[in-house]
Amino acid sequence: MIYLLKKRLNESEKDGLSKKWKEQGISIYFVDVEKTILIFEGNISPSGLIDPVLIEEIIEINTPYQLANRKFKPEGTTIQVGSVVIGGSNLTIIAGPCAVESKERLFKTAEIVKQMGAHILRGGAYKPRTSPYSFQGLEEEGLKILAQAREEFDLPIITEATSPENADIVAQYADIIQIGTRNMQNFELLKKVGKLGMPVLLKRGMSATIEDWLNAAEYILSFGNFKVILCERGIRTIERLTRNTLDLTAIPLIKDLSHLPVIVDPSHGTGLREKVIPMARAAVACGADGITVEVHHEPDKALSDGPQSLYPDQFRKLMNDLEIISVLTGKEIVKHHVVREQIFIPAQNQTSLSPKVAFLGKSGSFSSQVARKIFPDSSDYINCNSFRQIFEEVVSRNASYGVLPIENTITGSIHGNYELFLDYPDVFIVGERIIRVSQHFAVFPGTTRENIQVLFAHPQGFAQSSRFLESMKNVRIMDVGNTEEAARRISEFGFGGAGITSQEAVEKYHLTVLEEDIEDNIRNFTRFIILSQTFNPSIEDDKVSGVFILKNQPGALFQILKIFADAKINIVKLESRPIPGKPWEYLFYADWEGNIIEDRYKKTVQSLEKHTLFLRILGSYKNIWKK
Ligand code: PEP
Ligand code: MN
């Protein structure tokens, strides 16, 4: 039972009340937040003895943990750390080494995780090691290095306090104090961080029940510190093949029981590097507000927890996976200041943090979602009316980048866009991005299926929802230029207007959704490519796109395939199309693994040139869907 009082009481009023209750043999507890919260010893709820004029609201709670109970804050808690928000619709990524080992080594990992999109940097300075003979951490020196990394990479930092004594010094440096599994019920430490009032990440004790854990959180909350993030990190079970058993059931349970954000640590939860990615994916799929994951630039040389630390490339892959999975739980990996992918090529004129980006349609179109995901908030957007205009903006250098859909998993390649490359030989592919496309059947508010007069959609929207369209008899169908426009036209049409559009556009124009996810197959993804005139191929690229025309002779295609086979290069896509204006002659569009810098790849391109009538490399970039 929580009593919210109408106003903050002064000390003498509090003392008076305490005394009155003490006479009844009952202790009372005050928690000062905006108002004073009053909680009775043993969670009893005595009636009659409290002056009703004092009370604004009584929240009935029947668990021993009171303030941690969701009933206290049904809307959920979000916690702001610098510019990062934990909880709500955010999927927060904490990454870094297990321990701070040296400035040089922490900086290397920090740079990597920052560039790949992590929001918060982790690293232990006080290490609670199972063996007294293991590396114990750099202590205050480690905290100083973390603070330097925060400045250098503009990342908030989280690090562990292992005792009430070192909590003070940790608090001087850290943005979030971590309480480790071994200290979950170190009540003096919990009280200490409660008093400190700063954000706390409370890991679940390895032998603690969920209720024990929430009660531990309650200790911190009871000091008026509501900035508590829970972290499931695996518990001890009979299983011996993993370091711990990651209890993911805890996540949906906590979501019901408590308003506190809850994140998952798949590194300690498994202890096995190769199992970190699948469990991190599962954590996000079951509703976690984020993950904390150990990443090291050289895991094999790490001073602690190397075997469970991800290699940088694995972390990159994980970020991509989480981006896709987060769609399912309505969460988003918010970007901070820098792009997540290295599509800002470090050329003189490309370092701007406010690039101009051209895409089809306005905010609410699928292209705009991609642009927002990749480019910084400070970007300037150029809204285009056609795909050709995107190329024009890039060629004239009005835009540094263009965002162009190229392929959909239901409808296949968007051939017109491939063909535009033939008209613009100076435009290259420098990156790619995949988003899940979910098409909704939306109407002007008040309209029902029976009184629909017109159905607006982008041709892609119609094509991806062909089965749904079969059910729409006797309705006038109108093609529009993009997904956002479909929603706008419904709204302009008024009553009787309907269409196929995105969630974002539905919200923008306050439409009503009659049916969600009407696409023929729920696994509906669109691949977008990033265009630029500045092409700086890198050895880090792992995908090349090209277009060629075969010689008109027997075995010509076989010859080309043999070049790839001999070089052991994997072709990931091959498609042929009529050459515009040349009846019965064909172009081949191909994507293959590799780059165009390394010798063996270069030689392949040279052989291709020799054995084709025409060859153009369209771009080289990072494969976003790499298995
Ligand atoms: C850590 O995060 O480095 C750590 C020691 O975690 P845990 O307390 O969960 O073992
Ligand atoms: Mn560790």
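Residues numbered from 1 in each chain as written. Chains lettered and ligands numbered in written order. Predicted model: local features only at pLDDT ≥ 70, side-chain atom pairs only at ≥ 80, totals over all residues. Heavy atoms only, no water.

Asker: Run through the packing of aromatic side chains, naming residues and quoting values.
Answerer: Using the criterion set out here, one finds 15 aromatic pairs in the structure. Look at phenylalanine 548 and phenylalanine 588: their rings are 5.7 Å apart centre to centre, the planes differ by 10°, and that puts the pair in the stacked class. With phenylalanine 548 in strand S26 (residues 543–550) and phenylalanine 588 in strand S28 (residues 582–593), this pair connects stretches of sequence that are 40 residues apart. We note that phenylalanine 548, like phenylalanine 588, is buried. Among the aromatic residues, ring-to-ring pairing joins Tyr3, Trp21 and Phe40 into one connected group. We note arginine 616 situated over the ring of phenylalanine 428; from NZ or CZ to the ring centre the distance is 5.4 Å. (Phe/Tyr/Trp six-rings, centres within 6.5 Å; stacked < 30°, edge-to-face > 60°. Helix = DSSP H or I, 4+ residues; strand = E, 2+ residues; numbered from the N terminus. Buried < 20%, exposed > 50% of the residue type's maximum accessible area, 1.4 Å probe, protein only. Lys NZ or Arg CZ within 6 Å of the ring centre and 35° of its normal.)

Asker: I'd like a description of helix H18 (residues 556–566), backed by residues and values.
Answerer: Considered for burial, the residues of H18 that qualify are Ala556, Ile560, Ile563 and Phe564. Along the axis of H18, the buried positions cluster into a sector of 95°, meaning they face one direction only. Exposed positions of H18 whose direction lies more than 90 degrees from the buried face are Phe558, Ala565 and Asp566. Contacts made by the buried residues of H18 are with S26, strand S27 (571–579), S28, helix H19 (599–611) and strand S29 (612–621). Lysine 568 occupies a position one or two residues after H18 and carries a positive phi of about 55°. (Arc of directions from axis to C-beta. Contact = heavy atoms within 4.5 Å.)

Asker: Explain the coordination of the manganese ion (ligand 2) residue by residue, including any values.
Answerer: Protein coordination at the manganese ion (ligand 2) comes from Cys98 (SG), His268 (NE2), Glu294 (OE) and Asp305 (OD), with a distance range of 2.0 to 2.3 Å. Spacing between the donor residues of the manganese ion (ligand 2) along their common chain follows C-x169-H-x25-E-x10-D. Note that cysteine 98 is positioned in the loop between strand S7 (92–96) and helix H2 (103–115) and glutamate 294 in strand S14 (residues 290–294), a separation of 196 residues in sequence. Judged by its relative accessible area of 4%, cysteine 98 falls in the buried class. (Donors = N, O, S within 2.8 Å, 3.2 Å for Na, K, Ca; no water.)

Asker: Tell me about the site of ligand 1, and name the residues and values.
Answerer: Neighbouring ligand 1 are Cys98, Arg122, Lys127, Glu160, Gln178, Gly180, Thr181, Arg182, Lys203, Arg233, His268 and Glu294. Note that an oxygen atom of ligand 1 is positioned 3.4 Å from one of the side-chain N or O atoms of histidine 268. Relative to its unbound accessible area of 300 Å², ligand 1 is 97% covered by the protein chains. Split by residue class, the shell around ligand 1 holds 1 nonpolar, 4 polar and 7 charged. (Near = heavy atom within 4 Å. Polar contact = N/O pair within 3.5 Å; in protein donor to acceptor, adjacent residues only side chain to side chain. Areas by Shrake-Rupley, 256 points an atom, 1.4 Å probe, with all protein chains shown as cover. Nonpolar A, V, L, I, M, F, W, Y, C, P; charged D, E, K, R; others polar.)

Asker: Explain the confidence of the model for the chain residue by residue, including any values.
Answerer: Chain-level statistics for the chain give a pLDDT mean of 92 and a share of 96% at 70 or above. Across residues 337–351 the pLDDT falls below 50, and counting only partners more than four positions away or on other chains, this stretch makes 50 contacts in the model. (pLDDT = per-residue confidence, 0-100.)

Asker: So, the sheet that holds strand S21 (residues 454–457): which residues are in play, and what are the values?
Answerer: Across a sheet, paired strands are connected by hydrogen bonds in the backbone, their directions being either parallel or antiparallel. Spatial strand order, S22-S21-S23-S20-S24: 5 strands in an open sheet with mixed pairing. Where the open sheet ends on each side, the last strands, each with one partner, are strand S22 (476–479) and strand S24 (512–515). The sheet shows a mean angle of 30° between the axes of neighbouring strands, taken without regard to direction. Strand direction decides the pairing type here: S21 and strand S23 (residues 497–501), joined by 3 bridges, are parallel. Residue pairing for S23: phenylalanine 456 is matched across the bridge by glycine 499. The strands that helix H16 (residues 483–493) touches are strand S20 (440–443), S21, S22 and S23; relative to S23, the one it contacts most, it runs at about 165°. (Pairing = 2+ DSSP bridges. Axes fitted to C-alpha atoms, helices over the stretch in contact; angles between N-to-C directions.)

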